[in-house]
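A look at the structure
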2 protein chains.
Amino acid sequence: MRKLLFVVIWFVSFVTVIEAQSIKSPNGNLQLDFTVKNGVPVYSLLYKNKPAVKESKLGLQLKEDKKITFENAGEGKQNVNANDLTGGFAITKTETKQFDETWQPVWGEVKNIRNNYNELAVTLTQAATERYIVVRFRIFNDGLGFRYEFPLQKNLNYFVIREEKTQFALSGDAKAFWLPGDFDTQEYSTVTSNLSEVRGKMKDAVTGNASQTTFSPTGVQTPLMLKSQDGLYINIHEAALIDYSAMNLNLDDKNFVLESFLTPDARGDKGYMQTPCQSPWRTIVVGDKAGDILESKLILNLNDPTKYASTDWIKPVKYVGVWWEMITGKSTWSYTDLESVKLGVTDFANAKPNGKHGANTQHVKEYIDFAAKHGFDAVLVEGWNVGWEDWFGKTKDFVFDFVTPYPDFDVQELHRYAESKGIKIIMHHETSSSVRNYERFMDTAYKFMVANGYNAVKSGYVGDIIPRGEHHYGQWINNHYLYAITQAAKYKIMVNAHEAVHPTGLCRTYPNLIGNESARGTEYESFGGNNPDHTTILPFTRLMGGPMDYTPGIFEMDLSKLSSSNHSHVNSTLARQLALYVTMYSPLQMAADLPENYNRFLDAFQFIKDVAVDWDDSKVLEAEPGDYITFARKAKGSNNWFIGSTCDENGRTSNISFDYLDAGKKYIATIYADAKNAHYKTNPQAYTIRKVIVTNKSKLSQYCAPGGGYAISVIEAADAQQLKGLKNL
Amino acid sequence: MRKLLFVVIWFVSFVTVIEAQSIKSPNGNLQLDFTVKNGVPVYSLLYKNKPAVKESKLGLQLKEDKKITFENAGEGKQNVNANDLTGGFAITKTETKQFDETWQPVWGEVKNIRNNYNELAVTLTQAATERYIVVRFRIFNDGLGFRYEFPLQKNLNYFVIREEKTQFALSGDAKAFWLPGDFDTQEYSTVTSNLSEVRGKMKDAVTGNASQTTFSPTGVQTPLMLKSQDGLYINIHEAALIDYSAMNLNLDDKNFVLESFLTPDARGDKGYMQTPCQSPWRTIVVGDKAGDILESKLILNLNDPTKYASTDWIKPVKYVGVWWEMITGKSTWSYTDLESVKLGVTDFANAKPNGKHGANTQHVKEYIDFAAKHGFDAVLVEGWNVGWEDWFGKTKDFVFDFVTPYPDFDVQELHRYAESKGIKIIMHHETSSSVRNYERFMDTAYKFMVANGYNAVKSGYVGDIIPRGEHHYGQWINNHYLYAITQAAKYKIMVNAHEAVHPTGLCRTYPNLIGNESARGTEYESFGGNNPDHTTILPFTRLMGGPMDYTPGIFEMDLSKLSSSNHSHVNSTLARQLALYVTMYSPLQMAADLPENYNRFLDAFQFIKDVAVDWDDSKVLEAEPGDYITFARKAKGSNNWFIGSTCDENGRTSNISFDYLDAGKKYIATIYADAKNAHYKTNPQAYTIRKVIVTNKSKLSQYCAPGGGYAISVIEAADAQQLKGLKNL
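The residue numbering used here restarts from 1 in each chain and proceeds along that chain's sequence as written. All chains are assigned letters beginning with A, and all ligands numbers beginning with 1, in the order in which they are written. Predicted model: local features are reported for residues with pLDDT of at least 70 only, side-chain atom pairs are reported and counted for 80 or more only, and whole-chain, interface and lining totals are derived from all residues. Side-chain figures throughout are based on the complete set of non-hydrogen atoms in the structure, without hydrogens or water.

Topic: the overall build of chain A
Defined as follows: Helix and strand assignments follow DSSP, with helices taken as H or I runs no shorter than four residues and strands as E runs no shorter than two, numbered in order from the N terminus. The globule rule used for comparison is 2.2 Å times the number of residues to the exponent 0.38, while the radius of gyration itself is calculated over C-alpha atoms. We call a residue buried when its accessible area falls under 20% of the maximum for its residue type, exposed when it is over 50%, and partly exposed in between, using a 1.4 Å probe and counting protein chains only. By the convention used here, residues are in contact when the closest approach between their heavy atoms is within 4.5 Å. What sets the accessible areas is the Shrake-Rupley method with a 1.4 Å probe; for residues, cover comes only from the shown protein chains.
Scanning chain A from terminus to terminus reveals 14 helices and 38 strands. The globule rule puts the C-alpha radius of gyration for 729 residues at 27 Å, and the 27 Å found for chain A is close to it. Along the three orthogonal principal directions, the C-alpha set of chain A runs to about 85 × 70 × 50 Å. Scored against the burial criterion, the 729 residues of chain A give a buried share of 66%. A sequence separation of at least 24 residues applies to 72% of the contacts in chain A between residues at least 6 apart. Looking at chain A as shown, the accessible area adds up to about 25,600 Å², and 49% of this sits on carbon and sulfur atoms.

Now the structure itself:
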């Protein structure tokens, strides 16, 4: 028997050696090699002949399923386990294809996106079980995507995934920008370390969260940003996560091999599949400049074009909101101080108000006035609906109904008032992760929104999922997030989901998904603070999958001024807060601070008023993850540019050019920068504003304070009159 | 420390001894004794001075909850665990009350139901934790109900139940009619044995089911029917199961103590509670005649009056259906023989039909014709909607959409046709236990029903629950069943839910719940057969909580005549099948066999046509669980009676009187009985029909064959002409 086994393996090995496959990216810089060794599919990826991913195994383990029978299993075939899709394979077919198209996103960083790749589809047959799968590779100039496809067939129809065993073998002890692997939260600070240091730094990295489930001392999340010892920038993530569990990565820190680790359900299973079906794409974005990663559209390109017949109801949004005051403790979401409430039972109308309720009609009108005065599109209002007294941590099933306002929030009057001012109110649906409850009310809640003039909703999934035992990133709940988006589309409602699964480019297919949180946002500046380098990393990690509702724009860093019991400090200079509107791309941008704080700094606030939220072009001018990022973006349908730069706690001097401006034209650049004595901790509000003339020949050397940055609006001069009194840069 | 503990216990003991409480039933036959011993609440129940339940402990264990803090916990108080509501109690308040009212059910076995009890509410305070609970006892002439109540209080607000520890200590090794304890199915054959034999018989008792989760070698289900060694009939169950997990019982078979064992969720937790709240009622129905149990309305009385403003849309239903032909294998639910389908993907219109699809328009019209001809109200049609090809056992989430018919089922035409014949079609919603999927489509599905003339739905929950890890009888899913009922009520739709949790009298509060399965129904006669004594037990067990859609009326016992591959035999005589319309009370009664089989025996079928489905009065004439049951029932709004008798495999002679008939009146009794040579196995279709005159002086001695029985219609004679040629009984 042992001998026979050897013969079989040798035979398979022989077959696969001659069947090794190789494809290159359209520009030839990347090369994928694929083969089957001893029955095991393996791939590797070269970037300009440097190893981006060394030989790495592919496959999946299935849960035992007695229904799979192998009628013709003969001698020598028993050595392949029926529940194993990791070995026993031979290549039985290969197909290659070239693809090149340019498409226009509904909203985005650029006007046109080129989707250009070479494709290799390999059919892998497991002779012993008479099953086959297809691994489809798409190699772009900026990286590789591949997925598993499971065609309908007799011996592979319904199956349960025990684990996906996709490896990413790195060439060495890369520098990594990582979050602890988790099934329920991404709201960790990014740790920057070599992979060999992950294990030692894990304990401190796992900070408390409202819901969290770690799984391994070397587990990390995607998007995972890496910098190899030989200088390659590598980003590993997934695209088109639909009807599948989200992927974490488990690190073999001896060999520097990362392996997929899917989010389990309550029983520990990883996915329920019916053929024909496929996995999400596994993505490896590679470049030799950090900016290559930031400019990649590979993940969007691996998602399907939009499924919506019309998208004209989807619009980028700049908004303010009744929110930061609750986050900082200045006001409350809840209307009363009752310790315990029950919807339909508690008489809110006759309950004693706590006097600190943020979402009251008068106060919301003040926000509407402020929004209208300064040209915003919308006002988010949280805490408007009954149930906030005990919504968190009580594992309440019927926690919100999404349609019943507190007594002091007059929906009709605010609808009327906002409409009269040309302002939209953004709905808020905190689900408290009671997912069934949300789905029960969803249709009614969306109808309520339409009836009352809302066209966008911020949804939230704080706390442990109900049904208990499910996780935020499992297949069952991922299915829910997409249901919420597609149901919303029926009502022409845009969705900004917080605490949902990491984005994977689904906004291409479902462009009413105009935002997600899925990372440690600005709110953490009020919960102890974000690291000063936080915003130099997020575009390399979280933002790879889609826009983030980061809620920048905090002008008052000393939060005790808002709420005496809040001792947090916002770890950023004011100038850098402006830069984030450019560096943290999103079609949904909040000016998160209170109107009273903006009124103190109206000259700086002007940038937030001016900055675009949709773009025809975007360029990375400088970038190094963890250190700095400088973006220049061209506003949609205009000739104006906006530049933002963010740096880490060390400060630096940024050197950029303006060579992307039209030749021969003059522009007025308004530079919002850190003052010389600015510092994110000790002097964050020290900024300078200067106006200068720039052309495509201009160059700027700009100081950035520790935890600082700068923002520039670059407006094409209409005439010479405008330039009067301005100097050249 | 030990000494102090002793003193405390002694003190508590002393307090409780003087605080022992006792109340009696209105007629004085039952006596409840309650006290606290060593801090532990205990109760006992006497029936005519015989122990029905010996001293039994009460309490609950909570899941560890760090949020419960005890500010004033002082010396000597630490011995009570913060997560323990089983000890450390003292009685701090008692209240008693008498109650007597008579109410009319929307439908039922009797016109008027008397709700007459004496109540004792005991407040139990746990001094160490500064918490209190209330145990409320209601003692009726036919038994006891009690529940735990958890008032809103500082130290008991949100809590998780680890286990309810309610005991029912029996006086000895009672005879029990039991099902294996299970979280997912009640579809077992009842085992009749002494309690001491449960452990030994468990293995054989656990027969296969589409979804099953047993939990203990001595676990049993409720309603549990018992007969004590001293001759008491005792039934243990629960009433008003709302927002709580269903109760099984775990048997200590050395001491004959039964203890509650709740259905867990995916994490093993038993219930999520927010005060004020309460447990369901735990019920102990007691009598010294078996008929006392069958006539008890205690469980209905412990449920709240109906919450519906109008109930005139709720009507009892006698129906036929396109169902038995699928159950027996003669036709199929599915339209094609495709091995795998996906809704929205599979093109059913162009798929090859299998030629055996039961729910085709023409065939359904034949059922409508049959129903109209014979005076039925409705036709159930299963397998009308797409998805049946692979609906079971594949753990498919999106398995049905509840609105898309197969190509050969013309919803509009059948609506028109049925309406023209005065027949309703009963909708069928098999969920395949994909509960979220059902809720997503529920509103649309109910609207579809209303638009197409349906006013009743049979729902089904076959297979393991999705979300995976939840059980059929857990709090989360119980919440769903009630949601389905109350949502249906908004559309004036009646619900008959199969595979749902055991009924607990909720049909009083929600009378559109006109039926449930929740036991081994007639379908099992096609899956190997039910025991011949099955229907002599079900009224003592399953039916205690509410009506069952048992689907009787099978006339052809040799199922190979319907489908050659079916080798099952229906273990009943034909005459007994008629009796079941009387012995198995339900406002929803099916004539389950095929029209062609009824056409062969139209004289016997006449009883099914005549029998009522709603009653002004019901009397148990004879009963012994496992042996025989004879009921006489008076049809709603008429002076006609219907009698049914079912017996076990031994056969017997039934002796009944007619003394409930009006004095001085003459009635025509049509007696449908087993022939002398009838036998459920060898000669089931041998029956006799005779017409005789009966008065309130008449007595009948009627032979019942093994596995047989009889049915009698007793129609008041309109005039002497009708009696012509008939003899007196």
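As for the UniProt feature "domain: Glycosyl-hydrolase 97 C-terminal oligomerisation" (unreviewed entry) in chain A
Test applied: UniProt positions are given in the numbering used here, feature names are shortened, and annotations may be inferred rather than shown by experiment.
Mapped onto this structure's residue numbering, the UniProt feature "domain: Glycosyl-hydrolase 97 C-terminal oligomerisation" (unreviewed entry) falls at residues 614-714 of chain A. Helix makes up 0% of residues 614-714 of chain A and strand 58%, whereas the separation of the span's terminal C-alpha atoms amounts to 15 Å.

Focus: the sheet that holds strand β37 (residues 709-716) of chain B
Residues and elements named next belong to chain B. The line we're drawing: A pair of strands is labelled paired if DSSP reports no fewer than 2 bridges between them. Structural elements are reduced to axes, namely lines fitted to C-alpha atoms, with helices fitted over the stretch in contact, and the angle between N-to-C directions of any two is expressed from 0 to 180 degrees.
With mixed pairing, the seven strands of this open sheet are ordered in space as β30-β31-β32-β37-β34-β35-β38. The open sheet has two free edges, formed respectively by β30 (615-624) and β38 (727-728), since each of these has just one partner strand. Relative to β37, strand β32 (residues 641-647) is paired through six bridges, and the arrangement is antiparallel. Opposite phenylalanine 642, over in β37, you have serine 713 as the bridge partner. Contacts from helix α11 (residues 574-583) reach β30, β31 (628-635), β32, β34 (667-674), β35 (687-694) and β37, with the element oriented near 120° to β32.

Remarks on the relation of the copies chain B and chain A
Selection criterion: Here the copies are matched by least squares. The fit uses the C-alpha atoms of residues with pLDDT of at least 70 in both.
For the match of chain B to chain A, the screw axis carries a shift of 0.0 Å, the RMSD comes to 0.0 Å, and the turn is 180°. Those values place the two copies in the arrangement expected of a two-fold rotation axis. By C-alpha distance to the rotation axis, the residue of chain B lying nearest is B:Ala266, at 3.0 Å.

Some thoughts on the side chain of A:Glu109
All names here are of chain A. Stated precisely, the cut-off is as follows: Under this definition, polar contacts are N or O atom pairs within 3.5 Å; protein pairs additionally need one hydrogen-donor-capable and one acceptor-capable atom, and for neighbouring residues in sequence, both atoms have to be side-chain atoms.
Examined against the element boundaries, glutamate 109 turns out to sit in the loop between β7 (89-103) and β8 (113-126). Side chain to side chain, glutamate 109 and arginine 633 meet in a polar contact 2.6 Å long. Setting aside its immediate chain neighbours within four residues, glutamate 109 contacts Lys297, Tyr585, Trp615, Asp616, Asp617, Ser618, Phe631 and Arg633.

Some words on the interface of chain B and chain A
What counts is decided by this rule: The term buried area refers to how much accessible surface (probe radius 1.4 Å) is lost by two components on association, counted for both of them together. For salt bridges, the criterion is a side-chain nitrogen of Lys or Arg within 4 Å of an Asp or Glu carboxyl oxygen. Residue polarity is assigned by list, with Asp, Glu, Lys and Arg as charged and Ala, Val, Leu, Ile, Met, Phe, Trp, Tyr, Cys and Pro as nonpolar; anything else, Gly included, falls into the polar class.
Every contact between the two is made by 36 residues of chain B and, on the other side, 36 residues of chain A. Approximately 3,100 Å² of surface area, both sides summed, lies buried where chain B meets chain A, with 49% of it carried by carbon and sulfur atoms. At the junction of chain B and chain A, the tally comes to two salt bridges. Summed over the shared surface of chain B and chain A, the number is 24 residue pairs in polar contact (both at pLDDT 80 or more). Counting only elements with at least two residues in the side of chain B that touches chain A, the list comes to β20 (271-274), α8 (435-451) and α9 (475-490) of chain B. The class makeup of the residues in the side of chain B that touches chain A is eleven nonpolar, nine polar and 16 charged.

Points about the sheet that holds β20(B)
Residue and element names in this part refer to chain B. Within the open sheet, the four strands sit side by side as β6-β5-β11-β20. Their pairing is antiparallel. Strand pairing shows two members of the sheet lacking a second neighbour, β6 (84-85) and β20, which therefore form its edges. Bridge count for strand β5 (residues 60-62) against strand β11 (residues 158-164) is three bridges, and the pairing is antiparallel. Bridge assignment links glutamine 61 to a residue of β11, and that residue is glutamate 163.

Concerning the pairing of strand β26 (residues 456-460) of chain A
All names here are of chain A. Formally: The definition of a right-handed crossover adopted here requires that, viewed with the strands pointing away, the path from the first strand over the helix to the second runs clockwise.
Of all the five residues making up β26, five are buried; the element is thus mostly covered by neighbouring parts of the structure. Examined bridge by bridge, strand β25 (residues 424-430) and β26 share four bridges and lie parallel to one another. Within β26, the position partnered with methionine 427 by the bridge is valine 457. As a crossover connection, the stretch from β25 through helix α8 (residues 435-451) into β26 is right-handed. Direction of pairing for β26 relative to strand β27 (residues 494-498): parallel, over a ladder of five bridges. Paired with lysine 458 across the two strands is asparagine 496, which belongs to β27. Of the crossover connections in this fold, the one passing from β26 over helix α9 (residues 475-490) to the parallel β27 is right-handed.

So, the side chain of A:Asn571
Summarising the element assignment, A:Asn571 is placed in the loop between α10 (534-537) and α11 (574-583). Side chain to side chain, A:Asn571 and A:Lys681 meet in a polar contact 2.8 Å long.

Some remarks on the UniProt feature "domain: Glycosyl-hydrolase 97 catalytic" (unreviewed entry) in chain A
Residues given the UniProt feature "domain: Glycosyl-hydrolase 97 catalytic" (unreviewed entry) here are residues 323-519 of chain A. With 30% helix and 13% strand, residues 323-519 of chain A has end C-alpha atoms that lie 18 Å from one another.

Things to note about α9(B)
All names here are of chain B. Stated precisely, the cut-off is as follows: Helices are assigned an expected span. That span is 1.5 Å times one less than the residue count.
Taking 1.5 Å per residue, 16 residues should reach 22 Å; α9 reaches 23 Å between its end C-alpha atoms and fits that length. Most of α9 is tucked away: 14 of the 16 residues are buried. Of the residues one or two after α9, lysine 492 is the one with positive phi, at around 55°.

Side note on the pairing of strand β16 (residues 224-227) of chain B
Residue and element names in this part refer to chain B. Taken together, the three bridges between strand β13 (residues 175-178) and β16 define a ladder with antiparallel strand orientation. Within the sheet, the bridge partner assigned to alanine 176 lies in β16 and is leucine 226. Taken together, the four bridges between β16 and strand β17 (residues 233-239) define a ladder with antiparallel strand orientation. Bridge assignment links lysine 227 to a residue of β17, and that residue is tyrosine 233. Counted along the chain from β16 to the antiparallel partner β17, the turn is five residues long, and its residue glycine 231 has a positive phi close to 90°.

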